[in-house]
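Residue strings, one per chain:
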Amino acid sequence: MLRTGGLVAFPTETVYGLGANALDARAAARIFEAKQRPSFDPLITHLADAADLEPLVGAVGPAVAALAARFWPGPLTLIVDRPDEIPPIVTSGLDSMAVRVPDHEHARRLIAAAGVPLAAPSANRFGQLSPTRAEHVVRGLGAAVDVVLDGGPSRCGIESTIVDARGDHPVVLRLGALPVEELEKVIGPVTVRPGSSGQPVAPGTLAAHYAPRTPLRLVSSAESAGAGGPGRGYLAFRDRPAGDWAAVEVLSGSGDLTEAAARLFDALHRLDAVGVAEIVAEPVPDTGLGRAVNDRLRRAAATWDPAI
Ligand code: TXA
Ligand code: MG
């Protein structure tokens, strides 16, 4: 299917990807069409193995090489120079390319069997919740995708961290499943670039993104959430909220941020499906993976409140 230009959704450790042959411009164009994704939002190229990087893109700098050696396969996307073999549509015309090796057996075997790198964004319509289960992909994309490989729920549940480590000052373009603290152990201090909807350097960082269909409001703490009510759902970090809520999702009863990240999109998909008029969410502790979780919650809320 991939070799003939088809679209195959596949599981990764972060979220499900919508894959196409990254060497084929027409196949890549189908991804933009299926996702209703603006053409200015570049795709991530996925490789089966870290050893496949340099044959495709040539020599990379020491920081990029060190990060790939330490974290691949894994939830880290690196920015490199785009090689001529990759058609510009994949990178939305940029001279740079985002690339990663997913840490998932199905994904790596699929890429290896296809024999080509796969361009793969998250397998959801543009701006909507990312899929962490095969059912989410089927529900969101339907007939727009040719095949969905079911690998069960995604282990990390949140997208990869994106880093541009080509220069002297590495920059995190998107907070994600690899905590900033882990990157810094390998390459020293990094800057986290706040997202800007005006300059979509990494449009996963558009202010309004990752949104459920139900309006979502982010409160500063559980105490400020109010008393619930028939049409309201609540997304809690650790403790069930007081009051009478129509639906409650607790991300991690033990207060574990890894578990909270893994359950985030799944919990939002469920709250979105129960038919409440509003989802109220509380933030999680803003450290390690919690930073990426709060980032996604802020962006989901921004869709409904442009002031955020
Ligand atoms: O975990 C993930 O990264 C998942 C799985 C499927 O691998 N993929 C994913 O792809 O989240 P997507 O398309 O939803 O998000 C990719 C992000 C976009 O925000 C895009 O703008 C950014 O990567 N990106 C791609 N190429 C880039 C480049 N050359 N420079 C800066 N940002 C880039
Ligand atoms: Mg996405």
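Bear in mind that the values here come from a model prediction, so they are computed numbers and not experimental data.

A. The UniProt feature "domain: YrdC-like" (unreviewed entry) in the chain, seen in detail. Taking the UniProt record as the reference, the feature "domain: YrdC-like" (unreviewed entry) is found at residues 1-178. Helix makes up 25% of residues 1-178 and strand 19%, and the two end C-alpha atoms of the span are 31 Å apart.

B. Representation of the pattern of salt bridges in the model. Scanning all chains against the criterion turns up 17 salt bridges. A salt bridge links Asp266 to Arg133; its shortest N-O distance comes to 3.0 Å. Of the two residues, Asp266 is situated in helix α7 (residues 257-273) and Arg133 in the loop between β6 (118-119) and α5 (134-141); the sequence distance between them amounts to 133 residues. Overall, the relative accessible area of 9% leaves Asp266 in the buried class. Measuring nitrogen to oxygen at the nearest pair gives 3.1 Å for the salt bridge that ties Asp266 to Arg270. In this pair, Asp266 and Arg270 both sit in helix α7, 4 residues apart, roughly one turn of the helix. Overall, the relative accessible area of 32% leaves Arg270 in the partly exposed class. Three or more residues are tied together by salt bridges with common partners; here these are Arg133, Glu249, Arg263, Asp266 and Arg270.

C. Representation of empty space enclosed by the protein in the model. Tallying each qualifying case throughout the model produces 1 cavity of 30 Å³ or more. In this structure, the largest cavity encloses a volume near 30 Å³. Surrounding the largest cavity, Leu175, Gly176, Leu178, Pro179, Val180, Gly288, Arg291 and Ala292 form its lining. Residue composition of the lining of the largest cavity, grouped by class: 5 nonpolar, 2 polar and 1 charged. Taken together, domain 1 (8-204) and domain 2 (216-302) each give at least three residues to the lining of the largest cavity, which thus spans both.

D. Expanded view of the nonpolar core. Leu18, Leu67, Leu76 and Leu235 are the most contacted members of the largest nonpolar core, which has 72 residues in total. Residues Leu2, Ala48, Val116 and Leu118 belong to the second largest nonpolar core, which totals 11 residues.

E. Structural view of the layout of surface pockets. The volume enclosed by the largest pocket comes to roughly 550 Å³. In terms of lining residues, the largest pocket is bounded by 40 residues, among which Arg37, Pro42, Ile44, Ile162 and Arg174 are the most central. Elements with a contribution of two residues or more to the lining of the largest pocket: β3 (44-46), β5 (96-100), β8 (161-164) and β9 (171-174). Within the lining of the largest pocket, the residues separate by chemical class into 19 nonpolar, 12 polar and 9 charged.

Cut-offs used in this document
Residues numbered from 1 in each chain as written. Chains lettered and ligands numbered in written order. Predicted model: local features only at pLDDT ≥ 70, side-chain atom pairs only at ≥ 80, totals over all residues. Heavy atoms only, no water. UniProt positions renumbered as here; feature names shortened; annotations may be inferred. Helix = DSSP H or I, 4+ residues; strand = E, 2+ residues; numbered from the N terminus. Salt bridge = Lys/Arg side-chain N within 4 Å of Asp/Glu carboxyl O. Buried < 20%, exposed > 50% of the residue type's maximum accessible area, 1.4 Å probe, protein only. 1 Å grid on protein atoms, 1.4 Å probe; cavity = no way out; pocket = protein on both sides within 12 Å on 5 of 7 lines; lining within 4 Å. Points joined across faces, edges and corners; volume = space filled by probe spheres on them. Nonpolar A, V, L, I, M, F, W, Y, C, P; charged D, E, K, R; others polar. Domains from an automatic or database assignment. Core = buried A, V, L, I, M, F, W, Y, C linked by side-chain atoms within 4.5 Å.

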